[in-house]
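Working through the structure, step by step
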Amino acid sequence: MTSVARDVGVVIVAGGSSTRAGGSGAELKQFRWVAGKPTMLHSLQTFMARPDVVSVVCVLPREYAGDPPPWMFQCDVDRLMLSTGGRTRTESVSNGLEDLADEAAVVLIHDAARPLVGAETIDRVIAGVRSGTCTIAALPVVDTLKEVDEAGRIVRTVERERLWRAQTPQGFPREIIVRAHRDAKAARVTATDDAALCERLGIPVCVVRGSERAMKITDEADFARAEALYTLPE
């Protein structure tokens, strides 16, 4: 029987206020139930089920980091760490990186708002990182894209042939993503995803096929979409 290297560290980012999904004064979207369990618990248990994962760091809003929901402990607590979210997503990820186990040579960063990520997508991302390349899950753009001005008038049609929609997880050799975040902090740079921090340093990042099931829950209507996608294969 072939042994599996347990050297993958995962940072699940859930440090935001979720205002677009009714988070202001209401339950945070990463804590709301979808497809039978809290949104964040889906991906937490998915990563915890993997024998190659050495630790999972969940980055939570400050008010929850010291008093997390009890359902978070429905997993291997010996591999679970909790970290405190920052003012931006970039700062939250940086905080999570600091709490990863020393053995984590491969780092995956995943949005808690993508509860239905599947094992095959994760496998593809990890395989890319093990080959030495920063690798993210993504999907090719299939719709016709229009650039519009402030009045809503079409300026031009954007070529879509080489455009992809970035998803998570995004995977990196540990030393590369730590350096990218350290440099971003020094330059006071933030980004909407971690691949962009590597791109700004000229570090190559490749895409592998993601999944429509790995949609990001952003608005209220997305909960119903996630419920519908839950029954579909990856």
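In this numbering scheme, every chain counts its residues from 1 along its sequence in written order. Local features in this predicted model are restricted to residues whose pLDDT is 70 or higher, and side-chain atom pairs enter the listing and the counts only when it is 80 or higher, whereas totals over whole chains, interfaces and linings include all residues. Side-chain measures here rest on the full set of heavy atoms in the structure, leaving out hydrogens and waters.

This paragraph deals with the nonpolar core. Ranked by internal contacts, the top residues of the largest apolar core, which has 30 residues, are Ile12, Met40, Leu44, Val56 and Leu108. Each helix is a run of H or I in the DSSP string that is no shorter than four residues. Each strand is a run of E no shorter than two, and both are numbered from the N terminus. Of all the secondary-structure elements, those providing two or more residues to this core are strand E1 (8–13), helix H1 (39–48), strand E4 (53–60), strand E6 (106–111) and helix H4 (119–130). The dominant element in this core, judged by the number of residues it contributes, is H1, at 5 residues. To qualify as a nonpolar core, a set must consist of buried Ala, Val, Leu, Ile, Met, Phe, Trp, Tyr and Cys residues joined through side-chain atoms within 4.5 Å. Relative accessible area decides the class of each residue, using a 1.4 Å probe on protein chains only: under 20% of the type maximum gives buried, over 50% gives exposed, and in between gives partly exposed. Val13, Val93, Leu97 and Phe172 belong to the second-largest nonpolar core, a separate cluster that totals 19 residues.

Here the focus is the pattern of salt bridges. Put simply, a salt bridge is a Lys or Arg side-chain nitrogen that is within 4 Å of an Asp or Glu carboxyl oxygen. One pass over the full model with this rule turns up 14 salt bridges. Between Asp111 and Arg89 there is a salt bridge whose closest N-O contact spans 2.9 Å. Residue Asp111 is located in strand E6, and its partner Arg89 is located in helix H3 (residues 89–98); the two are separated by 22 residues in the primary sequence. Like Asp111, the residue Arg89 is buried in the burial classification. We note a salt bridge from Asp183 to Arg200, for which the minimum N-O separation is 2.6 Å. Highlighted residues: Asp183 in helix H5 (residues 174–187) and Arg200 in the loop between helix H6 (195–199) and strand E11 (205–209), separated in sequence by 17 residues. In this structure, a network of salt bridges that share partners links the residues Arg89, Asp111, Arg114 and Asp194.

On to unusual backbone geometry. The peptide bond linking Thr168 to Pro169 adopts the cis configuration, its omega dihedral lying at 15°. Checked against the element boundaries, Pro169 lands in strand E10 (residues 164–173). Backbone geometry at Ala35 places phi at a positive 50°, although glycine is not the residue there. Given the relative accessible area of 11%, Ala35 is considered buried.

Each turn of an α-helix holds 3.6 residues, which means side chains three or four residues apart point in the same direction. For H4, with 12 residues, the first-to-last C-alpha span of 16 Å sits near the 16 Å given by 1.5 Å per residue. Every buried residue of H4 is accounted for by Thr121, Ile122, Val125, Ile126, Gly128 and Val129. Angularly, the buried residues of H4 cover 155° about the axis, an arc narrow enough to put them on a single face. In this structure, the buried residues of H4 make contact with E1, H1, E6, strand E7 (134–140), E10 and E11. The positive-phi residue at the C-terminal boundary of H4 is Gly132, with phi of around 105°. Take the number of residues in a helix, subtract one, and multiply by 1.5 Å to get its expected span. An arc is given here, and it is the one of the directions from the helix axis to the C-beta atoms. Residues are treated as being in contact if the distance between any of their heavy atoms lies within 4.5 Å.

Now for H5. Compared with an ideal rise of 1.5 Å per residue, which puts 14 residues at 20 Å, H5 spans 20 Å between its outermost C-alpha atoms and is within 8% of the ideal. Among the residues of H5, Arg174, Ile176, Ile177, Ala180, His181 and Ala184 are the ones counted as buried. The secondary structure elements touched by the buried residues of H5 are H3, E6, E7, E10 and H6. Of the residues trailing H5, Arg188 is marked for its positive phi of about 55°.

A pair of aromatic rings is counted whenever rings of Phe, Tyr or Trp (Trp by its six-membered ring) have centres within 6.5 Å, and the orientation is called stacked for planes under 30 degrees apart, edge-to-face for over 60 and tilted otherwise. Within this structure, the stated rule accounts for 2 aromatic pairs. Arranged with centres 5.6 Å apart and planes meeting at 75°, the rings of Phe31 and Trp71 form a pair that is edge-to-face. Taken as a pair, Phe31 in the loop between E1 and strand E2 (33–34) and Trp71 in the loop between helix H2 (62–65) and strand E5 (80–84) lie far apart in primary sequence, 40 residues in all. Each member of the aromatic cluster is reached from another via a ring pair, and the members are Phe31, Tyr64 and Trp71.

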